[in-house]
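Architecture at a glance
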Amino acid sequence: QSVLTQPPSVSGAPGQRVTVSCTGSSSNIGAGYDVHWYQQLPGTAPKLLIYGNTNRPSGVPDRFFGSKSGTSASLAISGLQAEDEADYYCQSYDSTLSGSVFGGGTKLTVL
Amino acid sequence: QVQLVQSGAEVKKPGASVKVSCKTSGYTLTGYYMHWVRQAPGQGLEWMGWINPNNGGTNSAQKFQGRVTMTWDTSISTAYMELSRLRSDDTAVYYCARLQSGSYSDYWGQGTLVTVSS
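Being a predicted model, the structure only gives us computed values, none of them experimental.

1. A short note on the packing of aromatic side chains
All names here are of chain B. Throughout the structure, instances matching the rule amount to nine aromatic pairs over all chains. Taking the ring centre of Tyr 80 as reference, the NZ or CZ of Lys 19 above it sits at 4.8 Å. Sitting above the plane of the Tyr 32 ring, Arg 98 keeps its charged end 3.8 Å from the centroid.

Have a look at this one:
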């Protein structure tokens, strides 16, 4: 049971827009701690996708958009491409656990 | 460029210990904390802990406290994670990841598969 809750899977057709949610609580996201997102392609290490809720590292397309509100955060992916098929994880800090926490991960399928 | 290169796969028996190394290059090890994260087969990411190479300070997830030791060797720019009293459910890929701004991981090692089996 992950501290941050994500849907196990989402799917969309090429060109469509999908959203991945990440729900936390008052001890993590709701306490104001930043949310970060990672993309993990099959058999590879995670890659930083969004940091500080909304920021994209250099090289990440602007099709990826992060947002945060209250105790939740979201990752939106527009103009879906086949190469976006991967697992996506959110991460934040939890003051009760005094450490970093990850969501359970969401598998994106491009139909 | 920044690189984190981890040691190779390990097979261990239950009750043994494993030590995974993470050699860094392209930046000063002492300038950044290092995260350790693991991923069991078919499962999600699990934070294990971090080390501050500046002073050796560490913080680990409660479930690993007493079993995990994180260290570093500045002279060879290498961080280490040792996990003791291994169980079969410790079978996982273990990652080191540089912690940026004390918050997120901007560079990751390639991962080290640790298999615990009798």
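Now that the structure is up, let's keep going.
2. A short note on the nonpolar core
All names here are of chain B. Met 34, Trp 36, Met 48, Met 81, Leu 83 and Trp 108 are the most contacted members of the largest nonpolar core, which totals 38 residues. Contributing elements (two or more residues each) for this core: β3 (18–25), β4 (33–39), β5 (45–52), β7 (68–73), β8 (78–83), β9 (92–100), β10 (104–108) and β11 (112–116). When neighbours within four sequence positions are excluded, Leu 83 is seen to be in contact with Ala 16, Ser 17, Val 18, Arg 38, Met 48, Phe 64, Arg 67, Val 68, Asp 90 and Tyr 94.

3. A look at the pairing of strand β6 (residues 72–77) of chain A
Residue and element names in this part refer to chain A. Here six bridges tie strand β2 (residues 18–23) to β6, and the two strands are oriented antiparallel to one another. The residue bridging Val 20 from the neighbouring strand is Leu 75, located in β6. Here six bridges tie strand β5 (residues 64–69) to β6, and the two strands are oriented antiparallel to one another. What sits directly across from Lys 68, in β6, is Ala 73. Adjacent in sequence and paired antiparallel, β5 and β6 are bridged by two residues, among which Gly 70 carries a positive phi angle near 60°.

4. Structural notes on the interface of chain B and chain A
In this complex, chain B contributes 17 residues to the contact, which on the side of chain A involves 17 residues. Taking both partners together, chain B and chain A bury about 1300 Å²; carbon and sulfur atoms supply 63% of that area. Contact with chain A buries area across many residues of chain B, yet Leu 45, Tyr 104 and Trp 108 of chain B alone supply 42% of it, more than any other trio. Linking chain B with chain A are zero salt bridges, by the criterion used here. If you look at where chain B meets chain A, you find seven residue pairs in polar contact (both at pLDDT 80 or more).

5. Re unusual backbone geometry
Residue and element names in this part refer to chain A. One non-glycine residue with positive phi stands out, namely Asn 53, at about 75°. Relative to the assigned elements, Asn 53 resides in the loop between β4 (47–50) and β5. The buried category is assigned to Asn 53, whose relative accessible area is 12%.

6. Examining the state of the cysteines
The term disulfide refers to a covalent linkage connecting the sulfur atoms of a pair of cysteines. Residues and elements named next belong to chain A. All chains considered together, the criterion is met by two disulfides over all chains. Linked covalently through their sulfurs, Cys 22 and Cys 90 form a disulfide whose S-S length is 2.1 Å. Note on the Cys 22 and Cys 90 pair: the S-S dihedral is about 75°, so by sign convention the disulfide is right-handed. Of the two residues, Cys 22 sits in strand β2 while Cys 90 sits in strand β7 (residues 86–94), which places them 68 residues apart along the sequence.

About the thresholds
- Residues numbered from 1 in each chain as written.
- Chains lettered and ligands numbered in written order.
- Predicted model: local features only at pLDDT ≥ 70, side-chain atom pairs only at ≥ 80, totals over all residues.
- Heavy atoms only, no water.
- Phe/Tyr/Trp six-rings, centres within 6.5 Å; stacked < 30°, edge-to-face > 60°.
- Lys NZ or Arg CZ within 6 Å of the ring centre and 35° of its normal.
- Core = buried A, V, L, I, M, F, W, Y, C linked by side-chain atoms within 4.5 Å.
- Buried < 20%, exposed > 50% of the residue type's maximum accessible area, 1.4 Å probe, protein only.
- Helix = DSSP H or I, 4+ residues; strand = E, 2+ residues; numbered from the N terminus.
- Contact = heavy atoms within 4.5 Å.
- Pairing = 2+ DSSP bridges.
- Buried area = accessible area lost by both parts, 1.4 Å probe.
- Salt bridge = Lys/Arg side-chain N within 4 Å of Asp/Glu carboxyl O.
- Polar contact = N/O pair within 3.5 Å; in protein donor to acceptor, adjacent residues only side chain to side chain.
- Disulfide = S-S within 2.5 Å.

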